[in-house]
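# Structure assessment
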Amino acid sequence: MRIICEFNRLNNYKICGNLFKIQLIYMENQHYQAIIIGGGPAGLTAGIYLSRAKVKTLILDSSIAGGQMILTHKIANYPGVENISGYQLSMNMLNQAKSFGCDVMSGISIQKIDFESTIKRLELSNGKQFSSDVIILATGGRSRTLGIEGEELFKGKGISYCATCDGDFFQDKEIAVVGGGNTALEEAVSLTKFAKKVTIFHQFDHFQGSKYAEEEARNHPKIEIHLNTKLTRFYGEDSLESVDYIDVTSNEIHHQLFDGVFVFIGYEANTEFLQGRCIELNKFKEIVVDSNLQTNVKGVFAAGDATTKKYRQITTAVADGTVAALNAIEFLKAL
Ligand SMILES: Cc1cc2nc3c(=O)[nH]c(=O)nc-3n(C[C@H](O)[C@H](O)[C@H](O)COP(=O)(O)OP(=O)(O)OC[C@H]3O[C@@H](n4cnc5c(N)ncnc54)[C@H](O)[C@@H]3O)c2cc1C
(Lines give C-alpha, C1' and ligand atoms only; values in the text may rest on other atoms or scores of the structure.)
Protein backbone atom coordinates (compact mmCIF):
# COMPACT_ATOMS: atom_id res chain seq x y z
CA MET A 1 0.00 0.00 0.00
CA ARG A 2 1.36 3.47 -0.77
CA ILE A 3 0.04 6.46 1.12
CA ILE A 4 0.98 9.92 -0.09
CA CYS A 5 0.29 12.65 2.39
CA GLU A 6 0.29 16.30 1.51
CA PHE A 7 0.43 18.93 4.25
CA ASN A 8 -2.21 21.20 2.82
CA ARG A 9 -3.07 24.84 3.61
CA LEU A 10 -5.33 23.89 6.51
CA ASN A 11 -2.42 21.89 7.96
CA ASN A 12 -4.35 18.59 7.52
CA TYR A 13 -2.91 15.44 6.00
CA LYS A 14 -4.64 14.40 2.78
CA ILE A 15 -4.41 10.83 1.52
CA CYS A 16 -3.78 11.13 -2.20
CA GLY A 17 -3.06 7.53 -3.23
CA ASN A 18 -3.48 4.00 -1.99
CA LEU A 19 -1.26 1.39 -3.68
CA PHE A 20 0.66 -1.76 -2.62
CA LYS A 21 3.80 -0.56 -0.81
CA ILE A 22 3.74 1.61 2.36
CA GLN A 23 5.53 4.85 1.58
CA LEU A 24 4.99 8.11 3.47
CA ILE A 25 5.96 11.19 1.47
CA TYR A 26 5.77 14.33 3.57
CA MET A 27 5.75 17.43 1.43
CA GLU A 28 6.58 20.38 3.66
CA ASN A 29 4.49 23.29 2.53
CA GLN A 30 4.15 26.24 4.87
CA HIS A 31 1.11 28.35 4.17
CA TYR A 32 0.99 32.11 4.75
CA GLN A 33 -1.82 34.52 4.05
CA ALA A 34 0.70 36.90 2.47
CA ILE A 35 4.20 36.40 1.11
CA ILE A 36 6.32 39.44 0.27
CA ILE A 37 9.26 38.89 -2.06
CA GLY A 38 11.92 41.49 -1.31
CA GLY A 39 12.74 43.09 2.04
CA GLY A 40 13.71 46.63 1.06
CA PRO A 41 11.70 49.62 2.33
CA ALA A 42 8.70 48.68 0.14
CA GLY A 43 8.61 45.06 1.32
CA LEU A 44 9.31 45.88 4.98
CA THR A 45 6.58 48.53 5.04
CA ALA A 46 4.12 46.06 3.52
CA GLY A 47 5.25 43.57 6.19
CA ILE A 48 4.58 46.09 8.97
CA TYR A 49 1.06 46.89 7.73
CA LEU A 50 0.08 43.26 7.06
CA SER A 51 1.45 41.82 10.32
CA ARG A 52 -0.03 44.62 12.38
CA ALA A 53 -3.39 43.75 10.79
CA LYS A 54 -2.84 40.14 12.03
CA VAL A 55 -2.23 38.77 8.54
CA LYS A 56 0.19 35.81 8.70
CA THR A 57 3.04 37.20 6.62
CA LEU A 58 6.44 36.06 5.39
CA ILE A 59 9.12 38.25 3.81
CA LEU A 60 11.65 36.46 1.59
CA ASP A 61 14.85 38.24 0.61
CA SER A 62 17.70 36.98 -1.54
CA SER A 63 20.14 39.13 0.46
CA ILE A 64 19.76 40.79 3.87
CA ALA A 65 16.70 42.92 4.53
CA GLY A 66 17.05 46.65 3.91
CA GLY A 67 17.54 46.64 0.16
CA GLN A 68 19.36 49.55 -1.43
CA MET A 69 19.11 51.56 1.82
CA ILE A 70 21.86 49.36 3.25
CA LEU A 71 24.26 50.76 0.63
CA THR A 72 24.23 54.32 1.88
CA HIS A 73 26.01 55.65 4.94
CA LYS A 74 23.57 58.55 5.34
CA ILE A 75 19.88 58.63 4.44
CA ALA A 76 18.61 61.82 2.81
CA ASN A 77 15.05 63.08 2.25
CA TYR A 78 13.29 60.74 4.66
CA PRO A 79 10.94 63.00 6.63
CA GLY A 80 11.32 63.09 10.38
CA VAL A 81 14.58 61.16 10.35
CA GLU A 82 17.87 63.03 10.33
CA ASN A 83 21.40 61.68 10.59
CA ILE A 84 20.60 58.02 10.24
CA SER A 85 22.63 55.44 8.35
CA GLY A 86 21.01 53.20 5.75
CA TYR A 87 21.89 50.18 7.90
CA GLN A 88 20.19 51.64 10.99
CA LEU A 89 17.01 52.63 9.12
CA SER A 90 16.91 49.13 7.59
CA MET A 91 17.23 47.49 11.02
CA ASN A 92 14.55 49.80 12.47
CA MET A 93 12.11 48.82 9.71
CA LEU A 94 13.02 45.12 9.98
CA ASN A 95 12.59 45.03 13.76
CA GLN A 96 9.31 46.92 13.50
CA ALA A 97 7.96 44.29 11.07
CA LYS A 98 9.21 41.43 13.28
CA SER A 99 7.71 43.02 16.40
CA PHE A 100 4.24 42.51 14.87
CA GLY A 101 4.99 38.84 14.14
CA CYS A 102 6.16 39.09 10.54
CA ASP A 103 8.43 36.15 9.57
CA VAL A 104 11.55 37.08 7.60
CA MET A 105 13.89 34.76 5.70
CA SER A 106 17.11 36.22 4.25
CA GLY A 107 19.61 34.78 1.80
CA ILE A 108 17.03 32.70 -0.06
CA SER A 109 16.82 31.93 -3.75
CA ILE A 110 13.49 31.37 -5.47
CA GLN A 111 13.55 28.39 -7.80
CA LYS A 112 9.93 27.96 -8.95
CA ILE A 113 6.79 30.08 -8.86
CA ASP A 114 3.17 29.36 -9.62
CA PHE A 115 1.11 32.51 -9.10
CA GLU A 116 -1.76 31.83 -11.49
CA SER A 117 -3.85 29.59 -9.24
CA THR A 118 -5.92 30.96 -6.36
CA ILE A 119 -3.34 29.53 -3.95
CA LYS A 120 0.06 30.95 -4.97
CA ARG A 121 3.00 28.59 -4.63
CA LEU A 122 6.74 29.02 -4.64
CA GLU A 123 9.74 26.81 -4.07
CA LEU A 124 13.19 27.83 -2.88
CA SER A 125 16.45 26.39 -4.18
CA ASN A 126 16.82 24.44 -0.91
CA GLY A 127 13.54 22.63 -1.69
CA LYS A 128 11.43 24.54 0.88
CA GLN A 129 7.91 25.14 -0.42
CA PHE A 130 5.52 27.90 0.52
CA SER A 131 1.98 28.75 -0.45
CA SER A 132 0.07 31.96 0.04
CA ASP A 133 -3.24 33.66 -0.67
CA VAL A 134 -1.59 36.88 -1.73
CA ILE A 135 1.85 37.86 -3.05
CA ILE A 136 3.56 41.26 -2.96
CA LEU A 137 6.52 41.62 -5.31
CA ALA A 138 8.99 44.18 -3.90
CA THR A 139 12.31 43.11 -5.40
CA GLY A 140 13.53 46.64 -6.17
CA GLY A 141 16.29 47.28 -8.62
CA ARG A 142 19.85 48.36 -9.14
CA SER A 143 21.64 51.08 -11.04
CA ARG A 144 23.91 49.84 -13.82
CA THR A 145 27.53 50.10 -12.78
CA LEU A 146 30.62 50.84 -14.84
CA GLY A 147 32.36 47.67 -13.64
CA ILE A 148 35.78 49.31 -13.42
CA GLU A 149 38.52 49.10 -10.79
CA GLY A 150 37.78 50.99 -7.58
CA GLU A 151 34.02 51.28 -8.19
CA GLU A 152 32.98 48.78 -5.50
CA LEU A 153 35.49 50.31 -3.06
CA PHE A 154 34.22 53.90 -3.39
CA LYS A 155 30.47 53.22 -3.76
CA GLY A 156 28.85 55.56 -1.24
CA LYS A 157 32.28 57.13 -0.58
CA GLY A 158 32.33 59.53 -3.50
CA ILE A 159 30.65 57.38 -6.14
CA SER A 160 26.88 57.76 -6.30
CA TYR A 161 24.02 56.65 -8.52
CA CYS A 162 21.43 59.07 -7.12
CA ALA A 163 21.64 62.87 -7.39
CA THR A 164 18.52 63.45 -5.28
CA CYS A 165 20.04 61.34 -2.48
CA ASP A 166 23.64 62.54 -2.54
CA GLY A 167 23.90 65.83 -4.48
CA ASP A 168 23.75 67.86 -1.30
CA PHE A 169 26.96 66.20 0.01
CA PHE A 170 28.97 67.88 -2.78
CA GLN A 171 28.51 71.57 -1.95
CA ASP A 172 31.15 73.58 -3.83
CA LYS A 173 32.99 70.41 -4.96
CA GLU A 174 34.24 69.26 -8.36
CA ILE A 175 32.21 66.34 -9.59
CA ALA A 176 31.85 64.19 -12.69
CA VAL A 177 28.72 62.74 -14.28
CA VAL A 178 28.96 59.61 -16.43
CA GLY A 179 26.31 59.00 -19.11
CA GLY A 180 24.72 60.59 -22.12
CA GLY A 181 20.97 60.00 -21.83
CA ASN A 182 18.25 62.25 -20.43
CA THR A 183 18.91 61.22 -16.81
CA ALA A 184 22.62 62.02 -17.04
CA LEU A 185 22.00 65.39 -18.73
CA GLU A 186 19.17 66.47 -16.42
CA GLU A 187 20.96 65.32 -13.26
CA ALA A 188 24.17 67.07 -14.37
CA VAL A 189 22.22 70.33 -14.58
CA SER A 190 20.52 69.72 -11.22
CA LEU A 191 23.91 68.96 -9.58
CA THR A 192 25.16 72.43 -10.55
CA LYS A 193 22.98 73.74 -7.67
CA PHE A 194 25.55 72.22 -5.31
CA ALA A 195 28.80 71.62 -7.16
CA LYS A 196 31.41 74.17 -8.16
CA LYS A 197 31.89 72.38 -11.50
CA VAL A 198 30.32 69.35 -13.22
CA THR A 199 32.18 67.44 -15.94
CA ILE A 200 30.13 65.07 -18.12
CA PHE A 201 31.91 62.01 -19.53
CA HIS A 202 30.15 60.22 -22.38
CA GLN A 203 31.50 57.34 -24.43
CA PHE A 204 30.01 58.38 -27.80
CA ASP A 205 30.43 61.50 -29.97
CA HIS A 206 26.79 62.52 -29.43
CA PHE A 207 24.25 62.46 -26.58
CA GLN A 208 21.19 60.17 -26.51
CA GLY A 209 18.96 62.57 -24.54
CA SER A 210 16.42 65.10 -25.78
CA LYS A 211 17.61 68.20 -27.64
CA TYR A 212 16.28 70.37 -24.81
CA ALA A 213 18.19 68.49 -22.10
CA GLU A 214 21.34 68.56 -24.21
CA GLU A 215 21.10 72.31 -24.86
CA GLU A 216 20.55 73.04 -21.18
CA ALA A 217 23.68 71.05 -20.28
CA ARG A 218 25.78 72.46 -23.12
CA ASN A 219 24.83 76.06 -22.29
CA HIS A 220 25.37 75.77 -18.54
CA PRO A 221 28.40 77.80 -17.38
CA LYS A 222 29.31 75.25 -14.67
CA ILE A 223 29.23 72.23 -17.02
CA GLU A 224 32.15 70.91 -19.07
CA ILE A 225 31.61 68.07 -21.58
CA HIS A 226 34.05 65.31 -22.57
CA LEU A 227 32.60 63.26 -25.45
CA ASN A 228 34.30 60.05 -26.70
CA THR A 229 35.64 59.34 -23.24
CA LYS A 230 35.34 56.42 -20.83
CA LEU A 231 36.27 56.28 -17.15
CA THR A 232 38.68 53.38 -16.59
CA ARG A 233 39.68 53.52 -12.91
CA PHE A 234 38.86 55.17 -9.58
CA TYR A 235 41.52 56.18 -7.02
CA GLY A 236 41.43 57.38 -3.40
CA GLU A 237 42.28 56.66 0.22
CA ASP A 238 39.19 56.71 2.46
CA SER A 239 37.02 58.25 -0.25
CA LEU A 240 37.23 58.91 -3.97
CA GLU A 241 39.91 61.40 -5.01
CA SER A 242 40.57 60.98 -8.73
CA VAL A 243 39.83 59.00 -11.88
CA ASP A 244 41.55 57.75 -15.02
CA TYR A 245 39.70 58.21 -18.28
CA ILE A 246 40.53 57.22 -21.82
CA ASP A 247 39.92 59.27 -24.95
CA VAL A 248 38.52 56.52 -27.20
CA THR A 249 39.51 58.36 -30.41
CA SER A 250 43.23 58.78 -29.52
CA ASN A 251 43.50 56.00 -26.85
CA GLU A 252 45.26 58.53 -24.59
CA ILE A 253 44.76 58.00 -20.84
CA HIS A 254 44.20 61.07 -18.64
CA HIS A 255 44.12 61.46 -14.87
CA GLN A 256 41.81 64.01 -13.19
CA LEU A 257 40.93 64.92 -9.59
CA PHE A 258 37.25 64.71 -8.57
CA ASP A 259 35.48 64.82 -5.19
CA GLY A 260 32.57 62.81 -6.52
CA VAL A 261 31.36 60.86 -9.54
CA PHE A 262 27.69 60.29 -10.37
CA VAL A 263 26.98 57.34 -12.68
CA PHE A 264 23.78 57.47 -14.76
CA ILE A 265 24.07 54.68 -17.31
CA GLY A 266 20.75 52.96 -16.76
CA TYR A 267 18.67 51.11 -14.22
CA GLU A 268 17.58 47.49 -13.99
CA ALA A 269 14.61 46.10 -12.05
CA ASN A 270 15.29 42.84 -10.15
CA THR A 271 12.72 40.85 -12.10
CA GLU A 272 14.84 38.13 -13.72
CA PHE A 273 12.92 35.43 -11.83
CA LEU A 274 9.65 36.76 -13.31
CA GLN A 275 10.76 36.93 -16.92
CA GLY A 276 8.81 34.61 -19.22
CA ARG A 277 6.25 33.96 -16.44
CA CYS A 278 2.66 35.13 -15.99
CA ILE A 279 3.46 38.58 -14.52
CA GLU A 280 3.37 41.39 -17.10
CA LEU A 281 6.61 43.38 -17.42
CA ASN A 282 7.21 46.43 -19.62
CA LYS A 283 10.05 46.72 -22.14
CA PHE A 284 12.42 47.77 -19.34
CA LYS A 285 11.46 44.55 -17.44
CA GLU A 286 9.66 46.58 -14.74
CA ILE A 287 6.47 45.15 -13.23
CA VAL A 288 3.32 46.70 -14.70
CA VAL A 289 0.80 47.71 -12.01
CA ASP A 290 -2.47 49.63 -11.83
CA SER A 291 -3.19 52.47 -9.38
CA ASN A 292 -3.92 49.87 -6.64
CA LEU A 293 -0.51 48.30 -7.31
CA GLN A 294 -2.28 45.17 -8.55
CA THR A 295 -0.41 43.30 -11.30
CA ASN A 296 -2.15 41.57 -14.21
CA VAL A 297 -2.49 38.45 -11.99
CA LYS A 298 -5.25 38.46 -9.37
CA GLY A 299 -3.85 38.40 -5.84
CA VAL A 300 -0.37 39.47 -6.91
CA PHE A 301 0.58 43.06 -6.04
CA ALA A 302 3.87 44.87 -6.62
CA ALA A 303 5.53 47.78 -4.85
CA GLY A 304 8.61 49.98 -4.98
CA ASP A 305 11.48 50.32 -7.43
CA ALA A 306 10.70 47.09 -9.31
CA THR A 307 7.51 48.64 -10.72
CA THR A 308 6.95 51.07 -13.57
CA LYS A 309 7.54 54.44 -11.95
CA LYS A 310 9.41 57.68 -12.45
CA TYR A 311 10.75 58.50 -8.99
CA ARG A 312 12.68 55.90 -7.00
CA GLN A 313 13.15 56.95 -3.40
CA ILE A 314 12.62 55.48 0.06
CA THR A 315 9.52 57.65 0.51
CA THR A 316 7.98 56.38 -2.75
CA ALA A 317 8.90 52.78 -1.85
CA VAL A 318 7.30 52.94 1.61
CA ALA A 319 4.22 54.63 0.11
CA ASP A 320 3.93 51.77 -2.37
CA GLY A 321 4.43 49.19 0.39
CA THR A 322 1.54 50.80 2.29
CA VAL A 323 -0.81 50.88 -0.71
CA ALA A 324 0.02 47.30 -1.76
CA ALA A 325 -0.46 45.98 1.79
CA LEU A 326 -3.78 47.78 2.34
CA ASN A 327 -5.10 46.52 -1.00
CA ALA A 328 -3.83 43.02 -0.17
CA ILE A 329 -5.79 43.17 3.13
CA GLU A 330 -8.95 44.15 1.19
CA PHE A 331 -8.29 41.29 -1.22
CA LEU A 332 -7.89 38.78 1.63
CA LYS A 333 -11.13 39.99 3.27
CA ALA A 334 -13.02 39.27 0.06
CA LEU A 335 -11.76 35.65 -0.19
C1 LIG B 1 23.63 54.09 -2.82
C2 LIG B 1 22.16 54.47 -2.72
C3 LIG B 1 21.81 55.51 -1.88
C4 LIG B 1 20.47 55.88 -1.78
N5 LIG B 1 20.15 56.86 -0.91
C6 LIG B 1 18.86 57.23 -0.78
C7 LIG B 1 18.49 58.25 0.14
O8 LIG B 1 19.35 58.81 0.83
N9 LIG B 1 17.17 58.61 0.21
C10 LIG B 1 16.21 58.00 -0.55
O11 LIG B 1 15.05 58.34 -0.43
N12 LIG B 1 16.54 57.03 -1.43
C13 LIG B 1 17.83 56.62 -1.56
N14 LIG B 1 18.15 55.64 -2.45
C15 LIG B 1 17.08 55.00 -3.23
C16 LIG B 1 16.31 54.01 -2.33
O17 LIG B 1 17.22 53.25 -1.56
C18 LIG B 1 15.44 53.09 -3.18
O19 LIG B 1 14.57 53.86 -3.95
C20 LIG B 1 14.62 52.13 -2.28
O21 LIG B 1 15.48 51.36 -1.48
C22 LIG B 1 13.75 51.21 -3.11
O23 LIG B 1 13.09 50.35 -2.23
P24 LIG B 1 12.48 48.94 -2.69
O25 LIG B 1 12.02 48.27 -1.45
O26 LIG B 1 11.54 49.15 -3.79
O27 LIG B 1 13.70 48.13 -3.34
P28 LIG B 1 15.14 47.77 -2.80
O29 LIG B 1 15.62 48.72 -1.79
O30 LIG B 1 15.95 47.58 -4.04
O31 LIG B 1 14.93 46.36 -2.08
C32 LIG B 1 14.62 45.20 -2.81
C33 LIG B 1 14.94 43.98 -1.99
O34 LIG B 1 14.55 42.83 -2.73
C35 LIG B 1 15.54 41.83 -2.64
N36 LIG B 1 15.47 40.99 -3.85
C37 LIG B 1 15.83 41.32 -5.12
N38 LIG B 1 15.57 40.29 -5.95
C39 LIG B 1 15.05 39.31 -5.18
C40 LIG B 1 14.57 37.98 -5.46
N41 LIG B 1 14.57 37.47 -6.69
N42 LIG B 1 14.10 37.24 -4.45
C43 LIG B 1 14.07 37.73 -3.19
N44 LIG B 1 14.50 38.99 -2.86
C45 LIG B 1 14.96 39.74 -3.85
C46 LIG B 1 16.85 42.61 -2.53
O47 LIG B 1 17.85 41.83 -1.89
C48 LIG B 1 16.44 43.81 -1.69
O49 LIG B 1 16.63 43.59 -0.31
C50 LIG B 1 19.47 55.23 -2.57
C51 LIG B 1 19.84 54.19 -3.43
C52 LIG B 1 21.18 53.81 -3.50
C53 LIG B 1 21.57 52.69 -4.44
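Residues numbered from 1 in each chain as written. Predicted model: local features only at pLDDT ≥ 70, side-chain atom pairs only at ≥ 80, totals over all residues.

So, on to the overall build of the protein. When helices and strands are tallied, the protein shows seven helices and 20 strands. Over its C-alpha atoms, taken along the principal directions, the protein stretches across nearly 80 × 45 × 40 Å. Split into buried and exposed, the 335 residues of the protein put 38% on the buried side. Within the protein, counting contacts between residues at least 6 apart in sequence, those at least 24 apart form 58% of the total. (Helix = DSSP H or I, 4+ residues; strand = E, 2+ residues; numbered from the N terminus. Buried ≥ 20, exposed ≤ 12 C-beta atoms within 10 Å, placed from the backbone. Contact = placed C-beta atoms within 7 Å.)

Residue-level pLDDT values for the protein average 91, and 92% of them are 70 or greater. Across residues 1-26 the pLDDT falls below 50, and counting only partners more than four positions away or on other chains, this stretch makes 38 contacts in the model. (pLDDT = per-residue confidence, 0-100.)

Right, let's get into the site of the ligand. In the vicinity of the ligand, 38 residues are found, and the nearest of them are Gly 38, Gly 40, Gly 67, Gly 140 and Gly 304. Of all elements in the fold, only helix 1 (41-52) and helix 7 (314-333) reach the threshold of two or more residues within the shell around the ligand. Along the lines of polarity and charge, the residues of the shell around the ligand split into 17 nonpolar, 18 polar and three charged. (Near = placed C-beta within 6 Å. Nonpolar A, V, L, I, M, F, W, Y, C, P; charged D, E, K, R; others polar.)

Right, let's get into the domain arrangement of the protein. Segmenting the protein into domains produces domain 1 (29-143 + 267-333) and domain 2 (151-263). Once you take the C-alpha centre of each, domain 1 and domain 2 turn out to be 32 Å apart. Between domain 1 and domain 2, the contact holds seven residues from the first and eight residues from the second. A breakdown of the residues in the side of domain 1 that touches domain 2 according to their chemical character gives two nonpolar, five polar and no charged. (Domains from an automatic or database assignment.)

All right, on to unusual backbone geometry then. A positive phi angle is found at Lys 54, which is not glycine, with a value near 65°. Within the secondary structure, Lys 54 is located in the loop between helix 1 and strand 5 (57-60). Notably, Asn 77 is not glycine yet its phi reads approximately 65°, a positive angle. Residue placement: Asn 77 occurs in the loop between strand 5 and helix 2 (86-99).

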